[in-house]
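Summary of the model geometry
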Amino acid sequence: PAPAPKEPNRTSGNTTNPNPVQVKGVPDGFFDSSNTQPSETSASSQAANNLETAQVKALPEGFFDNKDADLRARGIQPPKVDINDAYKEFEKEIQEDLQEVDDRLEEEEIDAAAEREEYLTLEQE
C-alpha cells in the first residue's frame, strides 16, 4: 500500500509551537493555548452567567414542585425553619389524622351495627 499523502503544515504566525496540529474545519491556531486572551474568557463566562440569570428570571413562580428549589431558582433565599415549630406542626397534623381515622372507625361501627340490626330483623320475620 502507498503511504497517505501528507498535508503541508500551515502556521498561523505563532512561532512558539514548532509542530502545529491541523484539523479540517478548525481555524488555524485553534488548539494553541497561547492565543487565548483572559479578557475573551471572562467575557464569555460573563455572557454565560447573564444567559443563566435570564433563564432563571424566565421561570414562572411555582415552576418546581419543591418550594425551596423554586425560591432558589428565582434567586430568593428560603427562610430557615425552626425545628421546634416544625415538630409541633407535625404533631398537630398527626393528631388531625388520628382524629379522622377515629371518626371513620366510629362511622363504620355504626354502619355495621345498623346492618346487623337489619339482618336480625329480617331473620326474625
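Everything here concerns the structure above.
Everything in this summary refers to the structure shown in the same document. Here the residue numbering is sequential within each chain, running from 1 through the sequence in written order. Given that the model is predicted, a residue must reach a pLDDT of at least 70 before its local features are reported, and side-chain atom pairs must reach 80 or more before they are shown or counted; all residues, however, enter totals for whole chains, interfaces and linings. Values reported for side chains reflect all heavy atoms of the structure, with hydrogen atoms and water molecules removed beforehand.

Our focus in this paragraph is a negative patch on the surface. Any residue with relative accessible area above 30% and no salt bridge may belong to a patch, with like charges joined within 9 Å and the nonpolar Val, Leu, Ile, Met, Phe, Trp and Tyr side chains within 5 Å. The Shrake-Rupley method, run with a 1.4 Å probe, gives the accessible areas here. Residue values count only the displayed protein chains as cover. Throughout this description, the term salt bridge denotes a Lys or Arg side-chain nitrogen within 4 Å of a carboxyl oxygen of Asp or Glu. Counting rule for charge: Lys and Arg are taken as positive, Asp and Glu as negative, and neither His nor the chain ends is counted. For the purpose of locating charges, the reference atoms are NZ of Lys, CZ of Arg, CG of Asp and CD of Glu. A surface patch of negative charge is lined by D102, D103, E106, E107, E108, E109, D111, E115 and E118. Numbering goes from the N terminus for both helices and strands, where a helix is a DSSP run of H or I of at least four residues and a strand is a run of E of at least two. Here E106 shows up in helix 3 (residues 83-124). A residue is classified by how much of its surface remains accessible, and E106, at 48% relative accessible area, is partly exposed. Only protein chains enter the calculation, and the probe is 1.4 Å; a residue is then buried if its accessible area is under 20% of its type maximum, exposed if over 50%, and partly exposed in between.

Inspection of every chain in the model, using the stated rule, returns one salt bridge. Between R104 and E100 there is a salt bridge whose closest N-O contact spans 3.4 Å. One end of the pair is R104 and the other is E100, both in helix 3 and four residues apart, which spans about a single turn. The class for E100 is partly exposed, based on a relative accessible area of 47%.

Nonpolar side chains collect at one region of the surface, where Y87, F90, I94 and L98 lie side by side and expose about 400 Å² of accessible area between them. In this structure, F90 sits in helix 3. Owing to a relative accessible area of 47%, F90 belongs among the partly exposed residues under this scheme.

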